[in-house]
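# Analysis of the macromolecular model
Each chain, written out:
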Amino acid sequence: MLASLFLIGSLFTTPQMSVQAASQTIVEDSAGGTARAANRMLGGIIGYARWPDGQRGAVRTMCLVGTPRLTDRMAPVVPGGPAVTVRRMTVDSVTSGADCDIVFLGRMPVADRQRLIGWVRGRPALTITDDDAACVYGAMFCLANRQAGLSFSVNLDAIGRGPLRIDPRVLKIGRDGEGAP
């Protein structure tokens, strides 16, 4: 509890820190357990995002680009929040005007990642990856499968560059291991 409060407090007291890590969610040792934990965490993160259109219950589209490391079965559920439709897409299809509320970046060439992050800047799109544990390549949220379980980092610089608003209580997701906001 104290560590989580410290993380939340550091969001407000140390603006020079661009990445904050959240606590871990214990994951059962199986592919299905990792998929459930990843989808629960994704749903929780999405539940804390506020799009500028102000439509809290609107169906959101998650564009999946590249190959995810954690699970091939992306199906985030936001309890009491918007439904999420997942579409597999290419970098070209996203950057040519796809309607993506959420962009999930899996494994991909660095040039493609940079192009996607550049395209997203200034747009109301939430960016999440599982291919950048240190969270330094521009996604807003970075999932990582560590020895003790699933965790995520938050890139405050990336969040600050866009019109989305992220509730700082998002760090609670990692502490509680629940996807519910």
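Attention here is on the structure that accompanies the text. (Residues numbered from 1 in each chain as written. Predicted model: local features only at pLDDT ≥ 70, side-chain atom pairs only at ≥ 80, totals over all residues. Heavy atoms only, no water.)

### What about the overall build of the chain?
When you go through the chain residue by residue, the secondary structure sums to six helices and nine strands. Expressed as a percentage of its 181 residues, the buried residues of the chain come to 51%. In the chain, the share of contacts with a sequence separation of at least 24, taken over all contacts with a separation of at least 6, comes to 65%. Of the roughly 8,600 Å² that the chain leaves accessible, carbon and sulfur atoms contribute 53%. (Helix = DSSP H or I, 4+ residues; strand = E, 2+ residues; numbered from the N terminus. Buried < 20%, exposed > 50% of the residue type's maximum accessible area, 1.4 Å probe, protein only. Contact = heavy atoms within 4.5 Å. Areas by Shrake-Rupley, 256 points an atom, 1.4 Å probe, with all protein chains shown as cover.)

### Points about the pattern of salt bridges
Evaluated as defined, the whole model comprises seven salt bridges. A salt bridge links Asp101 to Arg60; the shortest N-O distance between them is 3.5 Å. Taken together, the residues Asp101 in the loop between helix H3 (91–95) and strand E5 (102–105) and Arg60 in strand E3 (residues 60–65) connect sequence positions 41 residues apart. On the accessibility criterion, Arg60 (3% relative accessible area) is buried. A salt bridge links Arg69 to Asp131; the nearest nitrogen and oxygen atoms lie 2.5 Å apart. (Salt bridge = Lys/Arg side-chain N within 4 Å of Asp/Glu carboxyl O.)

### Quick notes on empty space enclosed by the protein
Using the criterion set out here, one finds one cavity of 30 Å³ or more in the structure. Its volume calculated, the largest cavity comes out at about 80 Å³. Lining the largest cavity, in full, are Ile117, Val120, Arg121, Gly122, Arg123, Thr127, Gly138, Met140, Ala158, Arg161 and Gly162. A class-by-class count of the residues in the lining of the largest cavity yields four nonpolar, four polar and three charged. (1 Å grid on protein atoms, 1.4 Å probe; cavity = no way out; pocket = protein on both sides within 12 Å on 5 of 7 lines; lining within 4 Å. Points joined across faces, edges and corners; volume = space filled by probe spheres on them. Nonpolar A, V, L, I, M, F, W, Y, C, P; charged D, E, K, R; others polar.)

### A few points about the state of the cysteines
One pass over the structure, following the stated rule, counts two disulfides. Here Cys63 pairs with Cys100 through a disulfide, and the sulfurs are 2.0 Å apart. Its S-S torsion of approximately -95° makes the covalent link between Cys63 and Cys100 left-handed. Pair noted here: Cys63 is in strand E3 and Cys100 is in the loop between H3 and E5, with a separation of 37 residues, a long-range link. Residue Cys63 is classed as buried on the basis of its relative accessible area, which comes to 0%. Of the residues examined, Cys100 reaches a relative accessible area of 7% and is grouped as buried. Paired by a disulfide, Cys135 and Cys142 hold their sulfur atoms 2.2 Å apart. On the S-S bond that ties Cys135 to Cys142, the torsion sits near 70°, and the link is right-handed. Like Cys135, the residue Cys142 is buried in the burial classification. (Disulfide = S-S within 2.5 Å.)

### A few points about the layout of surface pockets
There is about 160 Å³ of room inside the second largest pocket. Taken together, the residues that form the lining of the second largest pocket break down as six nonpolar, five polar and four charged.

### A few points about the pairing of E3
The element E3 is extensively covered by neighbouring structure, given that six of its six residues are classed as buried. Here E3 shows no split at all, with Arg60, Met62 and Leu64 on one side and Thr61, Cys63 and Val65 on the other all buried. The pairing of E3 with strand E4 (residues 84–89) spans six bridges and is parallel. The partner of Met62 across the bridge, within E4, is Val86. Relative to E5, E3 is paired through four bridges, and the arrangement is parallel. Within the sheet, the bridge partner assigned to Cys63 lies in E5 and is Val103. (Pairing = 2+ DSSP bridges.)

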